[in-house]
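Structural features, examined
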Amino acid sequence: MNFELTEEQLAVQQAAREFAQSELLPGVIERDETQTFPLEQVKKMGELGFLGMMVDPKYNGGGMDTVSYVLAMEEISKIDASASVCMSVNNSLVCWGIEKYGTEEQKQKYLKPLATGEKIGAFCLSEPEAGSDATSQQTTAEDKGDYYLLNGTKNWITNGNTASIYLVIAQTDREKGHKGINCLIVEKGMDGFVVGKKENKLGIRGSDTHSLMFTDVKVPKENRIGDDGFGFKFAMSTLNGGRIGIASQALGIASGAYELALAYSKERKAFGKPISQHQAIQFKLADMATEIEAARLLCLKAAHLKDQKKDFGKASAMAKLFASKVAMDTTIEAVQIHGGYGYVKEYHVERLMRDAKITQIYEGTSEIQKIVISRELLK
Ligand SMILES: Cc1cc2nc3c(=O)[nH]c(=O)nc-3n(C[C@H](O)[C@H](O)[C@H](O)COP(=O)(O)OP(=O)(O)OC[C@H]3O[C@@H](n4cnc5c(N)ncnc54)[C@H](O)[C@@H]3O)c2cc1C
């Protein structure tokens, strides 16, 4: 077992840290307040290779391993979780899904611009009546010979308006249940496709979350990913990988809050000494650091298993379950260590606390992660 990072991995981590500090930190409070998507910053992320990190270089990707992706996600998420969720969806749901299961034509047409960030992707599974229970899809993709006729509504779609390439899950044959579901690549601008309202959220307020409406959208047959009826398996498989991204996002939110709390505790004085000299604060810091390290190891283990082409479903669910709880617990304590200053925007920790919550909800709630894990345990 080797806990050392390679030089290349350390370089990726350093590049992400510098990018986050120089490009994402300025304006992050204002973007949160005004719910502004970090468009310019995401463009730069694409130029630096953060949006197609694991994609094969022959499709314009970075050809990096999943461990490097975890390291970069942590650094970006320390500063701006709204930017990092865009990065996570583009990398581990959309690019990975098309690269693993798409046809060569789909890779040439869609993966190449996604990997550079020239185009942004979205993953569209959730619906008003289908969240945790993703099998109850109401969106339909009727087989019309050489195209599918897509009808329905998707909810809560990250990158909803910024994206131009959408992976849409829909029911083709209801009698076949989840084996009658397909995943179609839908392009913005197709007739009958409308982007709905932007959600006004508790956290990740810079992220672009929208509902999407499809009315008689004609999607060519060649835009289906995999064989007829593969859509549900496709969604579950990509979400396994996506959870490594969200677990790393949670890890970054936690470690960002911890670093702020650590620094603040050395500056702020109470009762004649820095608050870091009070044992109650020291114990909080010790708990935070220990839990963050455990979350980091779970994220890296899941990434390592994926890189080794081993089964990583249980590991990624464990990483997400644990890291998201650590994100919530750590950010609450970081606010506490900041006292009143933690409750106002300038000190960043209140935003991180609000951002942390979503990591326990999207790409499978914590309850769903427990179902995934226990199913594996009881196999
Ligand atoms: C900001 C944001 C961004 C999102 N981005 C995307 C996206 O890009 N693409 C996408 O497809 N979706 C996205 N989602 C949707 C997200 O994945 C769902 O909200 C999530 O899966 C939960 O579904 P739900 O909201 O319908 O909750 P429900 O499924 O209604 O769950 C409600 C509660 O019941 C619990 N529950 C449900 N079933 C069980 C069970 N069997 N056992 C125990 N407890 C259970 C849940 O854990 C939860 O606590 C996003 C959501 C948000 C808020």
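This is a predicted model, so every value here is computed, not measured.

Re unusual backbone geometry
Unusually for a residue other than glycine, Gln 35 sits at a positive phi of about 55°. With respect to the helices, strands and loops of the structure, Gln 35 is situated in the loop between helix H2 (28-34) and helix H3 (39-47). If you check the backbone angles, Glu 363 has positive phi at about 55° while not being a glycine. For Glu 363, the position within the fold is in the loop between helix H10 (349-358) and helix H11 (366-377).

Points about the environment of Tyr 59
Within the secondary structure, Tyr 59 is located in the loop between H3 and helix H4 (66-79). The class for Tyr 59 is buried, based on a relative accessible area of 4%. Sequence spacing of Tyr 59 and Lys 109 is 50 residues, and the spatial spacing of their C-alpha atoms is 9.8 Å.

Quick look at H4
Its 14 residues give H4 an end-to-end C-alpha distance of 21 Å, which sits within 8% of 20 Å, the value for a rise of 1.5 Å per residue. In terms of burial, H4 is largely enclosed, as 14 of its 14 residues are buried.

So, helix H5 (residues 81-101)
Compared with the 30 Å implied by 1.5 Å per residue over 21 residues, the 28 Å span of H5 between its first and last C-alpha is a close match. Along its length, H5 reaches its greatest deviation from straightness, about 30°, at Cys 95. Most of H5 sits out of view: 19 of its 21 residues are buried. Of the residues that open H5, the one with a side-chain oxygen 2.9 Å from the backbone nitrogen of Ser 82 is Asp 80.

Overview of the packing of aromatic side chains
Within this structure, the stated rule accounts for ten aromatic pairs. Taken together, the ring pairs connect Trp 96, Tyr 101, Phe 230 and Phe 234 into an aromatic cluster. Sitting over the face of the ring of Tyr 148, Lys 221 holds its NZ or CZ atom 5.2 Å from the ring centroid.

Some points on the site of the ligand
Lining the immediate environment of the ligand, one finds 19 residues, of which Phe 123, Ser 126, Ser 132, Trp 156 and Thr 365 sit closest. Between Leu 125 and the ligand, the recorded distance is 2.9 Å, taken from a backbone N or O atom to an oxygen atom. A total of 970 Å² of accessible area belongs to the ligand in isolation, and the protein chains cover 64% of it. Elements supplying a minimum of two residues to the shell around the ligand: strand E1 (121-124), strand E3 (147-158) and H11. Top contributing element to the shell around the ligand by residue count: E3, with three residues. Looking at the shell around the ligand residue by residue, the class counts come to ten nonpolar, six polar and three charged.

Procedures and definitions
In this numbering scheme, every chain counts its residues from 1 along its sequence in written order. For a predicted model such as this one, the threshold for reporting local features is a pLDDT of at least 70, and the threshold for listing and counting side-chain atom pairs is 80 or more; totals across whole chains, interfaces and linings nevertheless cover every residue. With hydrogens and water stripped out, all remaining heavy atoms of the structure feed into the side-chain values. Here a strand is any run of E in DSSP of at least two residues, a helix any run of H or I of at least four, and the numbering for each starts at the N terminus. Only protein chains enter the area calculation, which uses a 1.4 Å probe; residues under 20% of their type maximum are buried, those over 50% are exposed, and those in between are partly exposed. To estimate how far a helix should reach, multiply one less than its number of residues by 1.5 Å. A residue's bend is given by the angle between axes fitted to the 7 residues ending at it and the 7 residues starting at it. Any pair of nitrogen or oxygen atoms within 3.5 Å is treated as a polar contact; in protein, a donor-acceptor pairing is required on top of that, and neighbouring residues in sequence qualify only through side-chain atoms on both sides. When the centres of two rings from Phe, Tyr and Trp lie within 6.5 Å, Trp using its six-membered ring, the rings pair. Their planes under 30 degrees apart give stacked, over 60 give edge-to-face, and anything left gives tilted. Placement of a positive charge over a ring is assigned whenever Lys NZ or Arg CZ falls within 6 Å of the ring centre and within 35 degrees of the normal to the ring plane. Throughout, near means a residue has at least one heavy atom within 4 Å of the molecule or strand. Accessible surface area values rest on a Shrake-Rupley calculation with a 1.4 Å probe, where residue burial reflects the displayed protein chains alone. Here the term charged refers only to Asp, Glu, Lys and Arg, the term nonpolar to Ala, Val, Leu, Ile, Met, Phe, Trp, Tyr, Cys and Pro, and the term polar to all other amino acids, Gly among them.

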